[in-house]
Amino acid sequence: MALPERKTDIGPPHYKQFMPPVIVNNYGKWKYHEVLSPSAMVHVAESGDKLWTVRVASPRILATDSIREICDISDKYCDGHLRFTTRNNVEFLISDEKNLEPIQVELKEKGFLSGGIGAGISNVVHTQGWVHCHGAATDASGLVKAMMDELVDYFTTKRLPNKLRLAVACCVNMCGAVHCSDIALVAVHTKVPTIDHEKVKNMCELPTVISSCPTRAISPDPAKKSVKIKEDKCMYCGNCFTVCPPINIKDPDRDGIAIVVGGKVSSLRTNPKFSKLVIPYISNEPPRWPKVVAAVKHIVEIYAENARKHERVGEWIERIGWEDFFKLTGIEFSHQCIDDFTFMRDTLRTSPTFKW
Ligand code: SF4
Ligand code: SF4
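Each value, and the rule that gives it
Residues numbered from 1 in each chain as written. Chains lettered and ligands numbered in written order. Predicted model: local features only at pLDDT ≥ 70, side-chain atom pairs only at ≥ 80, totals over all residues. Heavy atoms only, no water. Salt bridge = Lys/Arg side-chain N within 4 Å of Asp/Glu carboxyl O. Helix = DSSP H or I, 4+ residues; strand = E, 2+ residues; numbered from the N terminus. Expected span 1.5 Å × (residues − 1). Bend = angle between axes of the 7 residues up to and from the residue. Contact = heavy atoms within 4.5 Å. Pairing = 2+ DSSP bridges. Axes fitted to C-alpha atoms, helices over the stretch in contact; angles between N-to-C directions. Disulfide = S-S within 2.5 Å. Buried < 20%, exposed > 50% of the residue type's maximum accessible area, 1.4 Å probe, protein only. Near = heavy atom within 4 Å. Nonpolar A, V, L, I, M, F, W, Y, C, P; charged D, E, K, R; others polar. Parallel < 35°, antiparallel > 145°, perpendicular 65-115°, else oblique. Left-handed = near helix turned anticlockwise from the far one by under 90°. Polar contact = N/O pair within 3.5 Å; in protein donor to acceptor, adjacent residues only side chain to side chain.

S.K.: Please clarify how the pattern of salt bridges should be interpreted in this entry.
M.R.: A side chain of one charge can pair with a side chain of the opposite charge if their charged atoms are brought near each other. Counted under the stated rule, the structure contains 19 salt bridges. With a closest N to O distance of 3.7 Å, D221 and K224 form a salt bridge. The structure contains a network of salt bridges with shared partners spanning R55, R83 and E91.

S.K.: Can you help me understand helix 4 (residues 141–156) in this one?
M.R.: Every α-helical turn comprises 3.6 residues, leaving residues that sit three or four positions apart pointing alike. If you check helix 4, its first and last C-alpha atoms are just 19 Å apart, much less than what 16 residues at 1.5 Å a residue would give, namely 22 Å. In helix 4, a bend of some 65 degrees at E150 exceeds every other bend along the element. Contact partners of the buried residues in helix 4: strand 3 (50–56), strand 6 (125–126), strand 7 (166–169), strand 8 (183–188), strand 13 (256–261) and helix 8 (290–306).

S.K.: Could you clarify how one ought to interpret the sheet that holds strand 13 in this entry?
M.R.: The strands that make up a sheet are held in pairs by hydrogen bonds between backbone atoms, and each pair lies either parallel or antiparallel. Taking strand neighbours across the sheet as the criterion, the 5 strands line up as 6-7-8-13-14 in an open arrangement whose pairing is mixed. Each edge of the sheet is formed by a strand with only one pairing partner; in this case those strands are strand 6 and strand 14 (276–283). Across 6 bridges, the pairing between strand 8 and strand 13 is antiparallel. When the sheet's bridge partners are listed, L185 is paired in strand 13 with I259. Each of strand 6, strand 7, strand 8 and strand 13 is contacted by helix 4, which is oriented at about 155 degrees to strand 7, the strand it contacts most. Against the sheet, helix 10 (residues 322–329) contacts strand 13 and strand 14, and its axis sits at roughly 30 degrees relative to strand 14.

S.K.: Would you mind showing me how to read the state of the cysteines here?
M.R.: Formally, a disulfide is one covalent bond, and it connects the sulfur atom of one cysteine to the sulfur atom of another. Following the criterion strictly, the structure yields 1 disulfide and no others. In this model, C204 is linked to C244 through a disulfide, with the two sulfur atoms separated by 2.0 Å. Of note, the bridge from C204 to C244 carries an S-S torsion of about 80 degrees and is right-handed in sense. Remark: C244 occurs in the loop between helix 7 (239–243) and strand 12 (247–248) and C204 occurs in the loop between helix 5 (197–203) and helix 6 (206–211); sequence separation between them is 40 residues. Judged on exposure class, the residue C204 and its partner C244 are both buried.

S.K.: Just to check I follow, could you spell out the pairing of strand 2 (residues 40–45) for this structure?
M.R.: The two faces of a sheet get side chains in turn, since along a regular strand they alternate between them. Burial analysis of strand 2 places 5 of its 6 residues in the buried class, which makes it a mostly covered element. Relative to strand 2, strand 1 (residues 30–37) runs antiparallel, the two being bridged by 6 bridges. Residue pairing for strand 2: W30 is matched across the bridge by A45. Here strand 1 folds back onto strand 2 in antiparallel fashion, the turn holding 2 residues. The turn joining strand 2 and strand 3, which pair antiparallel and follow one another in sequence, is formed by 4 residues; a positive phi near 100 degrees is taken by G48.

S.K.: Honestly, the site of ligand 2 in this entry has me stumped. Any pointers?
M.R.: In the neighbourhood of ligand 2, 14 residues make up the surrounding shell, with C213, C234, C237, G238 and C240 lying closest. Grouping the constituent residues of the shell around ligand 2 by class yields 11 nonpolar, 3 polar and no charged.

S.K.: Can you walk me through the side chain of K191 in this structure?
M.R.: As for its position among the elements, K191 is in the loop between strand 8 and strand 9 (194–195). By relative accessible area, K191 is classed as buried at 18%. With residues near it in sequence (within four places) discarded, K191 still touches Y236, I249, K250, D251 and R254.

S.K.: Where do I start with the packing of helix 9 (residues 313–320) against helix 10 in this structure?
M.R.: To describe two helices that pack against each other, one gives the angle between their axes and the distance between the axes. Viewed as axis vectors pointing N to C, helix 9 and helix 10 meet at an angle of 105 degrees, and their least axial separation amounts to 6 Å. The angle between helix 9 and helix 10 places the two elements in the roughly perpendicular class. Listed contacts from helix 10 to W316, I317 and I320 of helix 9 are W322, D324, F325 and L328. Split by residue class, the contact of helix 9 with helix 10 holds 6 nonpolar, no polar and 1 charged.

S.K.: Help me understand helix 9 in this model?
M.R.: Residues of helix 9 that are buried include every one of V313, G314, E315, W316 and I317, and no others. Along its buried surface, helix 9 packs onto strand 13, helix 8 and helix 10. Just downstream of helix 9 lies G321, where phi reads positive at about 95 degrees.

S.K.: Sorry, what's going on with the packing of helix 8 against helix 9 here?
M.R.: Orientation of helix 8 relative to helix 9, taken along the N-to-C sense of each, is 65 degrees, at an axis distance of 11 Å. Comparing the axis directions of helix 8 and helix 9 gives the class roughly perpendicular. Judged by the sense of rotation from one axis to the other, the crossing of helix 8 with helix 9 is left-handed. Taking contact as the criterion, the partners of I302, Y303 and N306 in helix 8 are, on helix 9, V313, W316 and R319.

S.K.: Would you mind showing me how to read the environment of R165 here?
M.R.: Relative to the helices and strands, R165 resides in the loop between helix 4 and strand 7. Spatially, the C-alpha atoms of R165 and S122 are 6.4 Å apart, while their sequence positions differ by 43 residues. Apart from residues lying up to four places away in sequence, R165 is in contact with R55, R87, G116, G120, I121, S122, S181, D182, I183 and R312. Among the polar contacts made by the side chain of R165, one reaches the side chain of S122 at a distance of 3.4 Å.

Quick look at the structure:
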């Protein structure tokens with residue numbers, strides 16, 4: 001066991017040292033919180049102490065200058081206390097009520113977009129996209145920008161029956177919260193990868209490549225000192241491409257976007273839910289993705305018109321039934337939405353597809 005005085009640089013420092021004193025003093029003794037506006041809320045402790053939170057959007061991939069600016073504002077009004085939520089909203093934690101108004105004025109002057117609290121759309125969690133990841137079937141930041149340009153009113157002012165969480169993953173690895181968001185976009189590859197045997201031979205570890213395939217579609221090709229793919233077993237997941245780039249799955253003409261809906265992480269009222277696939281493919285149309293944006297906006301509007309107060313998207317759909325969701329939205333139910341996996345008992349309640 002490590003000695004108590006032993007110092008290491010392994011792991012992050014303990015979070016408690018970064019908390020505002022009002023949180024440390026009232027730790028575990030908070031009575032309630034109240035949403036004051038789409039951009040501000042207050043937490044009230046049993047002792048009567050209060051902590052105000054002001055939320056602004058972030059584009060997730062931030063310039064150092066923007067981070068410095070955020071830190072300067074936090075130093076000025078919050079004694080340096082701020083946090084990033086899991087969806088990359090920036091939250092300023094204010095212990096003194098007199099700073100609540102001035103910080104909001106300054107944030108507005110500096111061009112930050114306030115909102116995202118309560119029954120509306122908050123910042124969109126997304127993956128790396130074309131900026132950083134080699135496996136991306138679509139962009140992430142660009143797609144989120146196009147989508148939120150249409151939906152920004154739901155972040156700043158317009159209210160919905162309950163919170164609506166959006167997410168974007170630029171491949172089915174989904175290194176974002178796509179499987180459990182109210183509406184999420186997941187980019188899909190649609191073809192069997194091609195193999196550059198010369199490069200595979202020199203760049204890739206063959207046992208790793210073979211074992212990377214979840215459907216065992218890859219096997220050795222001794223004659224070429226490479227691998228081969230059994231096409232009818234491939235589900236275009238891109239795992240092999242991740243470990244071995246010469247097995248190329250990207251296709252600018254055929255890569256596209258699927259839409260899944262009805263997931264949530266919260267256990268409030270009903271259990272957490274996995275999202276379900278409702279639109280299996282929309283073509284990738286950068287830089288503004290008009291078809292994808294229109295489809296998401298349409299689902300948001302139908303939800304806003306039809307759900308009862310406090311119902312999340314998944315709760316609303318489960319009340320009316322998935323058949324009525326497809327009827328109300330006019331989305332065509334397609335065969336890709338059905339789970340036809342032979343051993344579907346293993347995937348019951350854990351797959352994004354429907355049992356038939
Ligand atoms: Fe890369 Fe896939 Fe994550 Fe996108 S979702 S950043 S392509 S691993
Ligand atoms: Fe296997 Fe996925 Fe590669 Fe297809 S794309 S060969 S299923 S790892």
